[in-house]
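Geometric and topological summary
One-letter residues, chain by chain:
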Amino acid sequence: MSTEPLRIGLVGYGLAGKVFHTPLYAEAGVQLVAVASSDADKVRADHPDVRVHADAAGLMADAQVELVVLASPSFTHAPLMLEALAAGKHVLSDKPFTATVAEADTVIAAARSASRIATCYQNRRYDADFLTLQDLIAQGRLGEVVHYESHYDRFNPQPRDRWQEQDRPGVGLHYDLGAHLIDQALVLFGLPDWVQADVQRQREGSAIIDNFQVRMGKGRCRIELGAGMLVVDNSLRYRVHGTGGSWCKHHVDPQEDQLRYLDIGPQDERYGWEAESHLGTLSEMKEGQVHTSRTAARRGDWPRFYRELSLAIRQGTPPPVLAEEARDVIAVIEAMLESSRTGCRINLSG
């Protein structure tokens with residue numbers, strides 16, 4: 001078993017590669033050794049000792065690379081994962097894992113055949129508020145959860161000229177922020193019994209689905225997820241009700257803003273901590289009275305994803321996200337699209 005840092009090759013050095021991946025590596029104890037990018041100067045300005053390949057094929061052939069990380073457009077994920085696996089590499093794709101369940105099944109089969117890990121970057125499993133909610137549920141503070149509501153809204157009224165807003169496979173708000181919302185719900189409750197959804201192109205001139213509302217059932221629990229780009233009052237993040245209490249949370253986890261705008265990285269003591277004013281509110285029934293309190297938050301920890309993935313590759317422990325779990329997210333997205341098209345509830349159980 002190697003004790004050396006896991007050696008990473010990154011495909012793409014746009015926003016995702018530069019902000020959401022590479023700043024985590026030092027804290028996670030992994031090493032960036034190569035990047036595939038058409039802008040070598042941009043990469044070398046940040047990482048002067050890293051090899052830069054002109055394309056993904058060159059990176060796949062790099063013998064030093066153990067794990068290929070895809071910070072590339074969504075519609076490239078499935079073909080590039082298959083290329084990486086064929087080259088004998090482990091592979092991590094940004095979300096969404098693939099555009100279709102059929103593609104996901106092909107990738108899973110290829111990973112199994114190559115005896116390599118294929119996984120999906122669901123970093124928001126390690127958001128401060130989601131970790132806090134998991135603790136509250138595990139401690140029984142909410143009792144049995146019977147209603148779970150999660151939002152990830154923004155106000156971006158004008159479509160932009162970028163690949164994320166092109167009508168391409170695997171592109172749209174349901175595949176982007178929706179993949180995070182769905183994954184978190186599946187972590188908590190498992191694959192739902194049924195899905196009912198409405199998806200829209202809501203902004204004038206939008207080429208992509210930019211608003212969705214989805215309702216899912218798991219036993220007597222009802223799960224509601226939503227995201228939109230025309231939401232000015234977009235601070236609501238969670239509203240959760242159980243047989244023993246309720247938890248409401250506004251504001252998103254701080255890690256994206258810290259990395260993207262504030263130059264606060266994982267080795268900064270401020271990293272991952274929510275502001276006092278952003279903490280969730282817990283309401284519990286005690287002796288017939290409602291008692292309300294602020295809930296102390298866990299520290300957000302996106303580097304944990306890479307620490308766990310490194311252990312999986314080095315020691316054979318489970319990866320932080322199983323390929324089958326990533327496939328389930330895509331299955332829910334496909335059910336959402338079918339439900340919106342037909343106006344019907346789509347059964348997933350059985």
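Everything numeric in this text was worked out from a predicted model, so none of it was measured. The numbers attached to residues start from 1 for each chain and follow its sequence in the written order. This being a predicted model, a pLDDT of at least 70 is required before a residue's local features are given, and a value of 80 or more before pairs of side-chain atoms are given or counted; all residues contribute to the totals for chains, interfaces and linings. Heavy atoms from the whole structure form the basis of all side-chain values; hydrogens and water molecules are not counted.

For the rest of this paragraph, the subject is the overall build of the chain. From N to C terminus, the chain includes eleven helices and 15 strands. Compactness check: the chain gives a C-alpha radius of gyration of 20 Å against a globular reference of 20 Å for 350 residues, within 12% of the reference. Taking the principal axes of the C-alpha coordinates as reference, the chain spans close to 65 × 50 × 40 Å. Between buried and exposed lies partly exposed: a residue is buried under 20% and exposed over 50% of the maximum accessible area for its type, with that area taken using a 1.4 Å probe on protein chains only. Taken across its 350 residues, the chain has 52% of its residues classed as buried. Side chains of the chain carry 37 positive and 47 negative charges; the gap between the two charge centres is 2 Å. Secondary structure elements follow DSSP: runs of H or I of four or more residues count as helices, runs of E of two or more count as strands, with numbering from the N terminus. Only C-alpha atoms enter the radius of gyration, while the globule expectation follows 2.2 Å times N to the 0.38, with N the number of residues. The convention is simple: Lys and Arg are positive, Asp and Glu are negative, and His and the chain ends are not counted. Just so you know, the charge point we use is NZ for Lys, CZ for Arg, CG for Asp and CD for Glu.

That bond from Lys95 to Pro96 is cis: its omega, 0°, falls within 30 degrees of zero. Positionally, Pro96 belongs in the loop between β5 (90–94) and α6 (101–114). Look at Ser115: it is not a glycine, yet its phi comes out positive at around 55°. By the secondary structure assignment, Ser115 is in the loop between α6 and β6 (118–121).

This part takes up the nonpolar core. We define the nonpolar core as a collection of buried residues of types Ala, Val, Leu, Ile, Met, Phe, Trp, Tyr and Cys that are connected through side-chain atoms lying within 4.5 Å of one another. Residues Leu67, Val68 and Tyr306 are the most contacted members of the largest nonpolar core, which totals 57 residues. Any two residues having at least one pair of non-hydrogen atoms within 4.5 Å are treated as being in contact. If near-sequence neighbours (up to four positions away) are discounted, Val68 is found in contact with Gly9, Val11, Leu59, Met60, Ala84, Lys89, His90, Val91 and Leu92. Counting 41 residues, the second largest nonpolar core, distinct from the first, contains Leu133, Val240, Ile333 and Ala335.

Side-chain rings of Phe, Tyr and Trp (the six-membered ring for Trp) are treated as a pair once their centres are within 6.5 Å; stacked means planes under 30 degrees apart, edge-to-face means over 60, and tilted covers the remaining angles. Summed over the entire model, instances satisfying the criterion amount to ten aromatic pairs. A network of ring pairs unites the aromatic residues Tyr25, Tyr121, Tyr126, Phe305 and Tyr306 as a single cluster. Charge over a ring is defined by NZ of Lys or CZ of Arg lying within 6 Å of the ring centre and within 35 degrees of the ring normal. Stacked on the ring of Phe75, the Lys or Arg Arg168 has its end atom at 3.7 Å from the ring centre.

With that settled, the discussion passes to the pairing of β6. Bridge analysis of β5 against β6 gives four bridges, and the strand direction is parallel. Counterpart to Leu92 in the pairing with β6 is Thr119. Here, any two strands with at least 2 DSSP bridges between them count as paired.

A separate point is the pairing of strand β1 (residues 7–11). The buried count for β1 comes to five of five residues, which makes it a mostly enclosed element. Residues Arg7, Gly9 and Val11 of β1 are buried on one face, and the alternating residues Ile8 and Leu10, pointing to the opposite face, are buried as well. Two strands pair when backbone bridges link them, and β1 and strand β2 (residues 31–36) are joined in this way by five bridges, in the parallel orientation. Paired with Gly9 across the bridge in β2 is Ala34. In this structure, β1 lies alongside strand β4 (residues 67–70), joined through four bridges in parallel fashion. By the bridge assignment, Ile8 is partnered in β4 with Leu67.

What follows concerns the sheet that holds β5. Read across the open sheet, the six strands follow the order β3-β2-β1-β4-β5-β6; overall the sheet is parallel. Each edge of the open sheet carries a strand with a single partner, namely β3 (51–53) and β6. For this sheet, the mean angle separating the axes of adjacent strands, direction not counted, is 25°. What counts as an axis is a line fitted to C-alpha atoms, over the stretch in contact for a helix, and the angles between N-to-C directions run from 0 to 180 degrees. Across the sheet, helix α5 (residues 77–86) lies against β1, β4, β5 and β6, angled at about 165° from β5, the strand it touches most.

The next point concerns the packing of helix α8 (residues 177–189) against helix α11 (residues 323–342). At their nearest, the axes of α8 and α11 sit 9 Å apart, and the two run at 115° to each other. As for the relative orientation of α8 and α11, their crossing is right-handed in sense. Along its contact with α8, which presents Ala179, Ile182, Asp183 and Leu186, the element α11 presents Asp328, Val329, Val332, Ile333 and Met336. Residue polarity follows a fixed list, in which Ala, Val, Leu, Ile, Met, Phe, Trp, Tyr, Cys and Pro are nonpolar, Asp, Glu, Lys and Arg are charged, and the others, Gly among them, are polar. In terms of residue class, the contact of α8 with α11 is made up of seven nonpolar, no polar and two charged. Handedness of a helix crossing follows the sense of rotation of the near helix relative to the far helix, less than a right angle counterclockwise being left-handed and clockwise being right-handed.

Let us look at the environment of Arg304. With respect to the secondary-structure elements, Arg304 resides in helix α10 (residues 303–315). Residue Arg304 is classed as partly exposed on the basis of its relative accessible area of 27%. Taking the C-alpha atoms as reference points, Arg304 and Thr98, separated by 206 residues in sequence, lie 23 Å from one another. Excluding its chain neighbours within four sequence positions, the residues that come into contact with Arg304 are Tyr126, Leu131 and Arg298.

A word on the side chain of Lys249. Along the chain, Lys249 falls in strand β12 (residues 245–250). Setting aside residues up to four positions removed in sequence, Lys249 forms contacts with Asp129, Ser235, Leu236, Arg237, Tyr238, Glu274, His278, Leu279 and Gly280.

Here we come to the sheet that holds strand β15 (residues 346–347). Within the open sheet, the nine strands sit side by side as β14-β13-β12-β11-β7-β10-β9-β8-β15. Their pairing is mixed. The open sheet is flanked by β14 (289–294) and β15, the only strands paired with a single partner. By the bridge criterion, six bridges tie strand β13 (residues 281–286) to β14 in an arrangement that is antiparallel. Directly across from Lys286, in β14, lies its bridge partner Gln289. Lying over the sheet, α11 contacts β8 (194–200), β9 (211–218) and β15, oriented at roughly 70° with respect to β8.

These values are about where atoms sit, not about what they do.
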